[in-house]
Amino acid sequence: MEGSVQINATESHSSADQQKKPPLSWDEIIEKSLSNFGWLDFLQAVLVATAMFFDAQQSFISIYTDNYPKWHCTDTNSTCSSSSDICKLPRSSWSWDTHPSNTIISHWNLECASTFIIGLPQSSFFIGCLLGSSFLAALADSSFGRKNMLIFSCVSMSITSMLIIFSTNVLIYSALKFLIGFWRSSIGTCVLVLLTEKVSAEWRFRVGIVEYFTFTMGYMSLPGFAYINRNSSWKSLYFWSSIPGIIYSIIAYFFVTESPRWLVMQGREKEIFKMLKRVSSEETANANDDNVNLASSLPKPHTKEKNSIFRLYSSIGELFHKRWALIRMIAVMILGIGVGMVYFGMPLAVGNLGFNIYLAVVFSASMEIPSCVATYFLENYKRRPSILVFSILSGICCMMCAVLEHRVPAAKVVLAMVAFFGGCTAYNVFLIYIIELFPTCVRNTTTSLVRQAIVFGCIFCPFLISAGRKNNIFSYGVFGVVIMLSNITLLYLPETIGIVLCDTMEQQEKKEIAMCDAKNQHEKTGNVNV
């Protein structure tokens, strides 16, 4: 009898402890649910990241389609020579080395056109990226969602890429390049946000590398595509690179799943329960820390607000409502200009190396592989020092390329590769850093705004590269100075290694205040001990 009373007392005490235990928050539930990363999760990550393969192709396809082709003299009796100014020679005295329509330069006779006209198509592409980010960014944070925005952008980009073959002059071509840039502007943002929001903090950095790897594969596929079509028109390169993108979009529509964090923010209860159902049963059976049934502990999702044109872009207003968020946003945008200028500018400038353009792109693209490996090992290192070190490395090598000019071609190629490696690694860590700096409610918007800053700097790259054909200080020199100066903004940004993602601005603010207080307390304690 006495034993029974003791058992009942123990059970009552246990029940009381469970009742006192605070309910799980959505942040804790999602972290628990996504802590086990299996093969199905990996395949889902690869499927999402594959969109970057086609994004890379459209980003760098102008390396071949807009390239200034080589030419040779055909009239041996004239004054024509390889050192002659092609614009002062009779058209009958020289000929292109490749197919007459291999690039837009030879197709539309732009060999003597101004720097502005030659750089206009690729600059239009980046202007499209800039405006596209402005209009499409907040849609992924609102009712449209990450998945739908990704698929819509990818299929629109691929269809426009197919239509560009009907261009009749450089102005129409530039207008369609603008549209390609407009549609693809949200792909990288949606992929990165969707990948990182579907895994726990433990796996966030690693799945980000999947995106970089698929982007690298897309970039590395271009030399093969271009070499196969080296005796064909530039139009065939656009046509054959656009079809796989359309097929991918159809597959992704049926098999890619939405971000659970976005579903919570939208209050879509049924979809959340369905997504967490399998994980909930596993947790109930295997939980060692606490026997918590996630399904019975789920809090009420956020109430979905009525959508309007103002609501779609409310995340931008929410972002700039807080002073700390405004300062942080300006700092990362300036940093993005410097890092992005090297990341996109160096590949586009390979034609200025005076090297075989197919091998130059292969060497350049191959630098992304060790960059991905380096990024993987930087997972447990602080973000700010990592970005700083690789940015400085890239900037120094860029400036050395400008100093060497064409005196030592082999050394210049090596320096360009190292500069691109440094820029790639800094860029990879930088994108993960952005995800960790802002909460779910504005994460897609902030990532897009940073990408806007990146492409803003890239708008000037085609003109700098065109001017750099005569003097490398205008291309490589400018790239090096800008990326090193932009790192000053790291002084205004916090360290984020190991933090758990927040959902609202208030959560982010409270968490950082708590971390700051803990740090100050630790420093005081350390001083007392000393």
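For the structure itself, look to the data block above.
Scoring rules and cut-offs
- Residues numbered from 1 in each chain as written.
- Predicted model: local features only at pLDDT ≥ 70, side-chain atom pairs only at ≥ 80, totals over all residues.
- Heavy atoms only, no water.
- Helix = DSSP H or I, 4+ residues; strand = E, 2+ residues; numbered from the N terminus.
- Buried < 20%, exposed > 50% of the residue type's maximum accessible area, 1.4 Å probe, protein only.
- Contact = heavy atoms within 4.5 Å.
- Areas by Shrake-Rupley, 256 points an atom, 1.4 Å probe, with all protein chains shown as cover.
- Phe/Tyr/Trp six-rings, centres within 6.5 Å; stacked < 30°, edge-to-face > 60°.
- Lys NZ or Arg CZ within 6 Å of the ring centre and 35° of its normal.
- Disulfide = S-S within 2.5 Å.
- Core = buried A, V, L, I, M, F, W, Y, C linked by side-chain atoms within 4.5 Å.
- Polar contact = N/O pair within 3.5 Å; in protein donor to acceptor, adjacent residues only side chain to side chain.
- Axes fitted to C-alpha atoms, helices over the stretch in contact; angles between N-to-C directions.
- Parallel < 35°, antiparallel > 145°, perpendicular 65-115°, else oblique.
- Left-handed = near helix turned anticlockwise from the far one by under 90°.
- Nonpolar A, V, L, I, M, F, W, Y, C, P; charged D, E, K, R; others polar.
- Salt bridge = Lys/Arg side-chain N within 4 Å of Asp/Glu carboxyl O.

For this particular structure, what's the right way to read the overall build of the chain?
For the chain, the count of helices and strands is 26 helices and two strands. Here the chain holds 530 residues, and the buried ones make up 53% of them. Of the contacts formed within the chain by residues at least 6 apart in sequence, a portion of 84% connects residues at least 24 apart. As displayed, the chain has an accessible area near 24,100 Å², and 65% of this comes from carbon and sulfur atoms.

Just checking my understanding: could you explain the packing of aromatic side chains for this structure?
Aromatic ring pairs are defined here through the distance separating the ring centres and the angle between the ring planes. Under the criterion given, the structure shown has 32 aromatic pairs. Seen in terms of ring centroids, Phe-60 and Phe-215 are 5.9 Å apart; in terms of plane orientation they differ by 75 degrees. Their pairing is edge-to-face. Here Phe-60 is found in helix H4 (residues 51-60), whereas its partner Phe-215 is found in helix H11 (residues 201-228), with 155 residues between them in sequence. Each member of the pair, Phe-60 together with Phe-215, is buried. Pairing Phe-456 with Phe-460 gives two aromatic rings, centres 5.5 Å apart and planes at 85 degrees, and the pair type is edge-to-face. For Lys-147, the ring lying beneath its charged end belongs to Tyr-253, and the centroid distance is 5.6 Å. Between Arg-230 and the ring centre of Tyr-227, over which it is positioned, the NZ or CZ distance is 3.9 Å.

Whenever I open this one, the state of the cysteines confuses me. Can you help?
Covalent bonding between the sulfur atoms of two cysteines defines a disulfide. Tallying each qualifying case throughout the model produces one disulfide. In this model, Cys-87 is linked to Cys-112 through a disulfide, with the two sulfur atoms separated by 2.1 Å. On the sign convention where negative is left-handed, the bridge of Cys-87 and Cys-112, at about -120 degrees about the S-S bond, is left-handed. With a gap of 25 residues between them, Cys-87 in the loop between strand E1 (71-73) and strand E2 (94-96) and Cys-112 in the loop between helix H6 (104-107) and helix H7 (115-141) connect regions that are remote in the sequence. Judged by its relative accessible area of 40%, Cys-87 falls in the partly exposed class. Unpaired in terms of disulfides, Cys-129 finds its nearest cysteine sulfur in Cys-458, a separation of 8.3 Å. Of all cysteine sulfurs in the structure, the one in Cys-458 sits closest to Cys-461, which takes part in no disulfide; the separation is 4.7 Å.

I'm lost on the nonpolar core in this one. Help?
Soluble, globular proteins show a tendency: their nonpolar side chains are buried together. One finds Ile-63, Leu-150, Val-191, Met-346, Phe-430 and Phe-479 to be the most contacted residues of the largest nonpolar core, which totals 133 residues. Tallying contributions element by element places helix H22 (residues 409-437) first for this core, with 18 residues. When neighbours within four sequence positions are excluded, Phe-430 is seen to be in contact with Val-332, Leu-335, Gly-336, Ile-387, Val-450 and Ile-454.

What am I meant to see in helix H10 (residues 187-197) here?
For an α-helix, 3.6 residues make a turn, and residues three or four places apart therefore share a direction. Across the 11 residues of H10, 11 count as buried, placing the element largely inside the fold. Within H10, the full set of buried residues consists of Ile-187, Gly-188, Thr-189, Cys-190, Val-191, Leu-192, Val-193, Leu-194, Leu-195, Thr-196 and Glu-197.

What should I look at first to understand the side chain of Ser-249 in this one?
Of note, Ser-249 is situated in helix H12 (residues 234-255). Looking at Ser-249, its side chain comes within polar contact range of the main-chain oxygen of Gly-245, at 2.9 Å. Once residues within four sequence positions are removed from consideration, Ser-249 is found in contact with Ile-151, Cys-154 and Val-155.

Would you mind going over the environment of Met-149 with me for this structure?
Considering the arrangement of structural elements, one finds Met-149 in helix H8 (residues 146-163). On the basis of relative accessible area, Met-149 is assigned to the buried category, the value being 1%. Sequence separation between Met-149 and Val-191 is 42 residues; the distance between their C-alpha atoms is 9.8 Å. If near-sequence neighbours (up to four positions away) are discounted, Met-149 is found in contact with Leu-136, Leu-139, Ala-140, Phe-144, Ser-186 and Cys-190.

Just to check I follow, could you spell out the side chain of Ser-62 for this structure?
Looking at where Ser-62 falls in the secondary structure, it is placed in helix H5 (residues 62-65). A relative accessible area of 6% means that Ser-62 is categorised as buried. In contact with Ser-62, other than residues within four places in its own chain, are Asn-67, Gln-122, Lys-177 and Leu-348.

Help me understand the environment of Val-170, please; the structure alone is not making it clear to me.
Relative to the helices and strands, Val-170 resides in helix H9 (residues 170-184). Between the alpha carbons of Val-170 and His-107 there is a distance of 9.7 Å; along the sequence they are 63 residues apart. In this structure Val-170 touches Trp-108, Leu-110, Ile-117 and Pro-121, once residues within four positions along its chain are discounted.

How do you make sense of the packing of helix H18 (residues 323-348) against helix H25 (residues 476-486) when you look at a structure like this?
Axes are the key here: two packed helices are described by the angle between their axes and the distance separating the axes. Two elements in contact, H18 and H25, have axes separated by 7 Å at closest approach and are oriented at 150 degrees. The orientation of H18 relative to H25 falls into the category roughly antiparallel. In this structure, H18 crosses over H25, and the sense of that crossing is left-handed. Each of Ile-334, Leu-335, Ile-337, Gly-338, Val-339, Met-341, Val-342, Gly-345 and Met-346 in H18 lies in contact with H25, whose residues at this interface are Tyr-476, Val-478, Phe-479, Val-482, Ile-483 and Ser-486. Taken together, the residues of the contact of H18 with H25 sort by class into 12 nonpolar, three polar and no charged.

I would appreciate a short explanation of the packing of H4 against H12 in the present structure.
For the pair H4 and H12, interaxial distance at closest approach is 10 Å and the crossing angle is 155 degrees. When the axis of H4 is compared with that of H12, the two are roughly antiparallel. The two elements H4 and H12 meet at a crossing, and its hand is left-handed. Each of Ala-51, Phe-54, Gln-57 and Gln-58 in H4 lies in contact with H12, whose residues at this interface are Tyr-238, Ser-241, Pro-244, Gly-245 and Tyr-248. The class makeup of the residues in the contact of H4 with H12 is five nonpolar, four polar and no charged.

Quick question: what am I supposed to make of the pattern of salt bridges here?
Pairing between side chains of opposite charge can happen when their charged atoms approach one another. Inspection of the entire model under this criterion finds two salt bridges. Residues Asp-55 and Arg-184 are paired through a salt bridge, measuring 2.7 Å at the closest nitrogen-oxygen approach. Of this pair, Asp-55 sits in helix H4 while Arg-184 is found in helix H9, placing the two residues 129 residues apart along the sequence. As far as burial versus exposure is concerned, Asp-55 and Arg-184 are alike and both buried.

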